[in-house]
Amino acid sequence: MTDTLVDSSPLRVVEIGQRYGRKWALRGCSFELRPGAVTALVGPNGAGKSTVMAAAAGLLRPTQGRIEVRGEVVTASPSHPDLGYLAQDKPLYRRVRVREMLEIGRHLNARWDAAHADELVDAAGLDRDQRVGTLSGGQRTRLALALVLARRPQVLLLDEPLADLDPLARLEVQQTLMTEVVDTGMTVLMSSHILGEIAELCEDLLVMVSGSITLSGVIDTVLAQHRVLVGPGVDAEGLGFLPEGSVVEVQRAARQTTVLVDRPVGPLPIGWSASDPTLEEIVVAYLRRGGRRGDR
Amino acid sequence: MANRHEAAHGTATRSTASRHEVQPVLSGRGPRGMWWVAWRQHRVQVMVALVVMVVVAIGLLVFQLVLVGRLHAAGCTVLTDENQCNARLFPLVASAYDEGTWRILRAVLVATPVVLGVFLGAPLFPREFDQRTEVLALTQSVGRLRWWATKIAVVGVPLVAGLLGLGFLTQWCDGTTWFTARGAMDDGTFQVRSIMPAAFGLLALAIAVTAGIVVRSLVGSLVAGLIAAAGVVVLLAFPLRSHLLPTSRDITPVDAVAASPTAMPDPVGAYDPGSLYLASGLLDANGDPISFNAISALCDPSMPPMPEGNPDQQEMDSYNDKYNKAFDECRRDNGITRNYIDYVPASMLWPMRGVVTGICVLLAALFLAAGAFRLRAAPRHSR
């Protein structure tokens, strides 16, 4: 998954920290996106997902660290010309009509593909004379997406783009998005709560808890590396056969111990069995572990 | 990995050719297109403000025509001084000048710059914050500073231009009769003529814009903007302006001015009706102003006693003569022999306009800079 056209990562986040008063919304947060990959950013509410996206879009000035888009350090707005950002609430001027909203997009952007915007609006079946404030949630999302995609971004940041959409609208938006990704090869970072969406749409995974990344990687690799081990009820000493630092989470019942480990384990003791975890099991384990650490 | 995309996209496949960078499509008009966007956003407010100014201008013209008619009807000339106007008819003209509608019109002229400045400035940013459309605007090709400056300019330029027109129209209207042409520095006149409405409007706009950025709610910024703008403009336009320039003091011997030493002095010396009157009274031996109460306290012990019982008119007249003579003597004995009048000379009209306008522009720049800094230093997002 190397991109021969661009030397640097499409988006690189380097040790950024964002403080609001005494509270750190982000701290020591680092990751980078693979060119052309669709990456899921997963985390509980308040983990800092929206904050890191807003910072990448130039809406926030991080207290620490830096963010680079295609090798250029992000400064305050305007957004990097190759970056598109769709906020979770899809802000649009509610009083204007759809056609005026497209005109506004054209007037706010140096690079604007009007034909593509028209295509997307037509595909969404939007009435150009309808006022934006009267559009349904799905229609509003598709109009907002048309505005972002008409910028022809190379890097697309989507903050929970499918939240609050009914199943049909969700499917339509997913299809629009994936068509665009396939056609242009753009790099996408998408935050989401819905693990089903991730498995379906994304290639890479970032798990964020309490303002920092606790797991990152290609989803297939992440799935291949992790194992769920089930064995008899044992205490910590009973897990001595596991390599040090490999345990992600241990769950104990009266007569059974379930362990998620982050690497293949050698021959198992008698009474233990291994299986492949689902992506959901892995993500939830990392969220719980991060949550416990964050609580300390 | 592509399987996930194909599953979502049906039969779509990612071809090598499609991975090449998209060539820029240059049909966009940003970031200069921000002018169009800002005008599209705020044109209704700007039009309403211009309509209000036109209505006020029409009111001004109509009233001036009425006044000219009354001057003619009173047998007075329109452009020469009041000495040519029949003294018997003068009160008729004066009543026209003082009647309620004229006072209301002057109050409207004084209030218009502040009200319109706040009306245009306060909602400029809170509406964006409320609908989060600043997130949309600032994640396109428009920088924060351009976004801020363009929005302010789109409402500010028509406001200042309109108020300049209104100020010079007021000046012209006032100049059409000798009666309204007087007192260019008087309260209620200085503030509404020439460049002054534009200066006050600009200051009110700047205060309201920054109130909107700080308060972030529409109603809150309207209220805060109106209170702050009215407070600052009124302070500067009324009490403070007379302290901004050197004042003149004319001093004359008491006896040369007033028959009675207790009478207020008439305007004397270089003072003319175009000046801004500040204060007048008597000076003590050291040349400092002294109040009549202070003189009374000083001289009371040497005053003749009041006639006892029920004095008739003759006794009272005699007493008053004695009192005045004794008071006069006491005053002279204490060195209180001179009147003074303090004023800003009429020749200082344009310097005063210049200084007050300069302060308005400076304060407006400071308020705007504070707002810009706030936008730059504390950008927010909702989550």
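Shown above is the structure to which this text applies.
Residues numbered from 1 in each chain as written. Chains lettered and ligands numbered in written order. Predicted model: local features only at pLDDT ≥ 70, side-chain atom pairs only at ≥ 80, totals over all residues. Heavy atoms only, no water.

## A few points about the packing of helix α4 (residues 100–121) of chain B against helix α9 (residues 196–215) of chain B
Residues and elements named next belong to chain B. Threshold: Note on geometry: axes are lines fitted to C-alpha atoms, helical ones only across the stretch in contact, with angles between N-to-C directions running from 0 to 180 degrees. Each helix corresponds to a stretch of at least 4 residues labelled H or I by DSSP, and each strand to a stretch of at least 2 residues labelled E; elements are numbered beginning at the N terminus. It is the rotation of the near helix from the far one that decides the hand of a crossing: anticlockwise by less than a right angle makes it left-handed, clockwise makes it right-handed. Any two residues having at least one pair of non-hydrogen atoms within 4.5 Å are treated as being in contact. All amino acids are sorted into three groups, where Ala, Val, Leu, Ile, Met, Phe, Trp, Tyr, Cys and Pro are nonpolar, Asp, Glu, Lys and Arg are charged, and the leftover types, Gly among them, are polar.
For the pair α4 and α9, interaxial distance at closest approach is 7 Å and the crossing angle is 35°. For the crossing formed where α4 meets α9, the hand is right-handed. Each of Pro113, Val114, Gly117, Val118, Leu120 and Gly121 in α4 lies in contact with α9, whose residues at this interface are Pro197, Phe200, Gly201, Ala204, Leu205, Ala208 and Val209. Looking at the contact of α4 with α9, its residues break down into 10 nonpolar, 3 polar and no charged.

## A look at the packing of α9(B) against helix α10 (residues 218–237) of chain B
All names here are of chain B. Contact geometry of α9 with α10 gives a least axis separation of 8 Å together with a crossing angle of 145°. Taken as a pair, α9 and α10 cross one another with a handedness that is right-handed. Between α9 and α10, the residues in contact are Phe200, Leu203, Ala204, Ile207, Ala208, Ala211, Gly212 and Val215 and Gly220, Ser221, Ala224, Gly225, Ala228, Ala229, Val232, Val233, Leu236 and Ala237, respectively. By residue class, the composition of the contact of α9 with α10 is 14 nonpolar, 4 polar and no charged.

## Examining the layout of surface pockets
To keep things clear, this is the line we draw: In this analysis a 1.4 Å probe is tested at points of a 1 Å grid over the protein atoms alone, and where it fits but cannot get out there is a cavity; an open set with protein on both sides within 12 Å along at least five of seven lines is a pocket; lining residues have an atom within 4 Å of a point. Grid points are joined across faces, edges and corners, and a volume is the space filled by probe spheres set on the points.
There is about 390 Å³ of room inside the largest pocket. Lining the largest pocket are 19 residues; nearest its centre among them are Arg95(A), Arg40(B), Gln41(B), His42(B) and Arg127(B). Elements represented by at least two residues in the lining of the largest pocket include exactly α2 (34–73) and α5 (126–131) of chain B. Of the residues forming the lining of the largest pocket, the biggest block, 7 residues, is contributed by α2(B). For the lining of the largest pocket, the class distribution of residues is 7 nonpolar, 5 polar and 7 charged. Quantified by volume, the second largest pocket comes out at close to 230 Å³. In this structure, the second largest pocket is lined by 15 residues; those nearest its centre are His116(A), Leu120(A), Thr176(A), Thr179(A) and Glu180(A).

## Quick word on the state of the cysteines
Heads up, the condition is: Disulfide: a pair of cysteine sulfur atoms within 2.5 Å of each other. Residue exposure (1.4 Å probe, protein chains only): buried if accessible area is under 20% of the type maximum, exposed if over 50%, otherwise partly exposed.
The full count for this structure, using the stated rule, is 1 disulfide over all chains. Between the sulfur of Cys299(B) and that of Cys330(B) lies a disulfide, 1.9 Å long from S to S. Residues Cys299(B) and Cys330(B) share a disulfide whose torsion about the S-S bond is about -85°; that sign makes it left-handed. Of this pair, Cys299(B) sits in helix α12 (residues 292–299) while Cys330(B) sits in helix α13 (residues 313–333); the two residues are 31 residues apart in sequence, bridging distant segments of the chain. In this structure, Cys299(B) and Cys330(B) share a single accessibility class: buried. With no disulfide of its own, Cys29(A) lies closest to Cys202(A) among cysteine sulfurs, the gap being 17 Å.

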